[in-house]
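One-letter residues, chain by chain:
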Amino acid sequence: MDWNRYRFRSVWLLPAPPAAVFAVLEKADEYPRWWPQVRSVTPLDDTGGVAVFRSFLPYELTVVARERRHDPAGGVLEIALSGDLDGWARWTLRARPFGGTRAVYEQEVEVRRPLMRRFAVPGRPVFLANHAWMMRGGRRGLTALLRPV
């Protein structure tokens, strides 16, 4: 097992149709407005930017995200990641039978940040909890943004 590789999968049930969710998720530079752990997103061009994340652990991760797939009709957004994390992340959106959206977030990455690599084995449970905390924050923020007033 490579202790520096991670595979994540989260499922969010959201109170809006897929097109509305896609419209929010495709605007990565606006993530800090609703996702507290996304500290900043700085666009580099039309298909990429630099994102800084921080959850409850006292460190930030910085990545360059580049669009790999942008498919509104198929409900798929996918990016390539490089920097403190190398790999990819993908959103897949599907309509729920009785309204709303089932959003699946998948991510496969290898940690490149030296400190995290040094503590790969003993830190892994904490890193996993840190990621889970970040995902809960994102789900709550997006749900609140999508809820009708």
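This text goes with the structure placed above it.
Quantities reported herein were computed from a predicted structural model and do not represent experimental measurements.

Caption draft 1: Seen up close, helix α1 (residues 18–25). Listing the buried residues of α1 in full gives Val-21, Phe-22, Val-24 and Leu-25. Looking straight down α1, one finds its buried side chains confined to an arc of 160°; they lie on one side.

Caption draft 2: Region of interest: a nonpolar patch on the surface. Together, Met-1, Trp-3 and Val-121 make up an exposed nonpolar region whose accessible area comes to about 340 Å². Structurally, the position occupied by Trp-3 is in the segment before β1 (5–14).

Caption draft 3: Up close: the environment of Pro-43. Within the fold, Pro-43 resides in strand β2 (residues 38–45). Taking the C-alpha atoms as reference, Pro-43 lies 12 Å from Tyr-31; in sequence the two are twelve residues apart. Once you skip the residues sitting within four places of it in the chain, Pro-43 turns out to touch Asp-29, Gly-48 and Gly-49.

Caption draft 4: Main features of the sheet that holds β1. Taken together, the seven strands give an open sheet; going across it, the order is β1-β7-β6-β5-β4-β3-β2, and neighbouring strands pair in antiparallel fashion. Since the sheet does not close on itself, it has two edges, and those belong to β1 and β2, each with one partner. Averaged over all neighbouring strand pairs, the angle between strand axes comes to 20°, with direction disregarded. Taken together, the six bridges between strand β3 (residues 48–53) and strand β4 (residues 61–71) define a ladder with antiparallel strand orientation.

Caption draft 5: Spotlight on the pairing of strand β5 (residues 76–83). Sheet analysis places β4 next to β5, joined by eight bridges and oriented antiparallel. By the bridge assignment for β5, Arg-66 is matched with Ala-80. Joining the antiparallel neighbours β4 and β5 is a turn of four residues, in which Gly-75 adopts a positive phi near 70°. Pairing of β5 with strand β6 (residues 85–95) involves six bridges; the strand directions are antiparallel. Counted as the bridge partner of Ile-79 is Ala-89 from β6. Here β5 hands over to β6 after one residue, the two strands then running antiparallel side by side.

Conventions and cut-offs
- Residues numbered from 1 in each chain as written.
- Predicted model: local features only at pLDDT ≥ 70, side-chain atom pairs only at ≥ 80, totals over all residues.
- Heavy atoms only, no water.
- Buried < 20%, exposed > 50% of the residue type's maximum accessible area, 1.4 Å probe, protein only.
- Helix = DSSP H or I, 4+ residues; strand = E, 2+ residues; numbered from the N terminus.
- Arc of directions from axis to C-beta.
- Patch = residues over 30% accessible without salt bridge, like charges linked within 9 Å, V, L, I, M, F, W, Y side chains within 5 Å.
- Areas by Shrake-Rupley, 256 points an atom, 1.4 Å probe, with all protein chains shown as cover.
- Salt bridge = Lys/Arg side-chain N within 4 Å of Asp/Glu carboxyl O.
- Contact = heavy atoms within 4.5 Å.
- Pairing = 2+ DSSP bridges.
- Axes fitted to C-alpha atoms, helices over the stretch in contact; angles between N-to-C directions.

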